[in-house]
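Tertiary structure, described
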Amino acid sequence: MVAPARALYVPVILGTVRQGRMSLPVARVVLSELSRRPDLETELIDVAQLPLRVDDAGEATKDAGFSEKMRRSDALVLVSPEYNHGYSGLLKHVLDSCLKEYVHKAVGVVGVSAGPFGGARGIQDLLPVLRELGLAAIFWDVNFSTVQNAFDESGTLRDQAYLPRIDKFLNELVWMATTLRHGRERVAMPQSESPMRCPKCGAEMNHHAEKVLQAADPAEEWSVDPALGGVVEAMHSCPACGANASRRASAPA
Ligand SMILES: Cc1cc2nc3c(=O)[nH]c(=O)nc-3n(C[C@H](O)[C@H](O)[C@H](O)COP(=O)(O)O)c2cc1C
């Protein structure tokens, strides 16, 4: 694989705030394996550490720091515990705070459960959510089943068989992240709009996606496309510096 000119940025999101959460040692192992890889930058984003508003939902709760990390990211690893055969509500709440930031980025999910299914049921339920966010899910998962037995008291991984599975999962994630970055920055939409200038470096950006959003402001009603039921936002990425930006697509004729 050709090394990207800029390091890929692949944060790991720890998707639970539960006291005594076993998803924490899982996230640390995945982070450690990611950190060994060349040409890649990573960090742990702990939903328990985010200044999370719970008096609203969706983009109204957006945190500037988290949003910037999502905008910068090329791929995400979600560490997703299984709660009552579903995913963590707070992981969903945090993911819902962004939208445009995710478009055409890769995502892989590490499921964690006390039972024998390794969080698989929560992962399956998460997939349509990720798709609606514009993320592209890889076909490898990692499944930590009976996770309470997978680590010793110091948080060290007991079962080394997880490591080659994590390795294959990360290989697929990095391939998808590299390929999607190329697409965002170099492969234009059919009938692409006139180029947008990069707000960071001034280079010509690439128009790689369109997403229908609901008009939040009545003043924007002019740009509602009646055939599509919302305003169309055009996503652009910069091949020179990797910045992502968007603007309203042209008004319907
Ligand atoms: C509200 C709740 C529901 C849970 N439901 C399930 C479940 O459906 N299946 C399962 O295998 N484990 C279930 N568990 C156990 C978690 O999967 C287990 O705690 C695991 O370590 C991952 O979550 P954690 O990071 O919070 O520890 C549940 C835990 C909680 C707190």
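Residues numbered from 1 in each chain as written. Predicted model: local features only at pLDDT ≥ 70, side-chain atom pairs only at ≥ 80, totals over all residues. Heavy atoms only, no water.

Considerations on the side chain of Arg37
Summarising the element assignment, Arg37 is placed in the loop between helix 1 (23-35) and strand 3 (40-41). When neighbours within four sequence positions are excluded, Arg37 is seen to be in contact with Asp167, Leu170, Asn171 and Val174. (Helix = DSSP H or I, 4+ residues; strand = E, 2+ residues; numbered from the N terminus. Contact = heavy atoms within 4.5 Å.)

A look at the layout of surface pockets
Approximately 260 Å³ is the volume attributed to the largest pocket. Taken together, 17 residues line the largest pocket, and the ones lying closest to its centre are Arg6, Arg72, Cys241, Gly242 and Ala243. If you list the elements that add at least two residues to the lining of the largest pocket, you get helix 2 (64-72) and helix 5 (162-186). Residue classes in the lining of the largest pocket are distributed as 4 nonpolar, 3 polar and 10 charged. (1 Å grid on protein atoms, 1.4 Å probe; cavity = no way out; pocket = protein on both sides within 12 Å on 5 of 7 lines; lining within 4 Å. Points joined across faces, edges and corners; volume = space filled by probe spheres on them. Nonpolar A, V, L, I, M, F, W, Y, C, P; charged D, E, K, R; others polar.)

Focus: the pairing of strand 9 (residues 206-213)
Burial within strand 9 is extensive, with 6 of its 8 residues counted as buried. Where strand 9 meets strand 11 (residues 230-237), 7 bridges bridge the pair, whose relative direction is antiparallel. Bridge assignment links His207 to a residue of strand 11, and that residue is His236. (Buried < 20%, exposed > 50% of the residue type's maximum accessible area, 1.4 Å probe, protein only. Pairing = 2+ DSSP bridges.)

Let's talk about the packing of aromatic side chains
Taken as a whole and assessed by the stated rule, the structure comprises 2 aromatic pairs. On the basis of an interplanar angle of 15 degrees and a centroid distance of 6.0 Å, the ring pair of Phe144 and Phe151 is categorised as stacked. With a relative accessible area of 0%, Phe144 lands in the buried category. With relative accessibility at 4%, the residue Phe151 sits in the buried group. Centre to centre, the rings of Phe144 and Tyr162 are 3.9 Å apart; their planes meet at 10 degrees, and the pair counts as stacked. Taken together, the positions of Phe144 in strand 8 (residues 142-144) and Tyr162 in helix 5 put the pair 18 residues apart, joining distant regions of the chain. We note that Phe144, like Tyr162, is buried. The ring of Tyr9 has Arg72 sitting right over it, with the charged end atom 3.8 Å from the ring centre. Taking the ring centre of Tyr162 as reference, the NZ or CZ of Arg165 above it sits at 5.0 Å. (Phe/Tyr/Trp six-rings, centres within 6.5 Å; stacked < 30°, edge-to-face > 60°. Lys NZ or Arg CZ within 6 Å of the ring centre and 35° of its normal.)

All quantities given are derived from atomic positions and should not be read as evidence of function.
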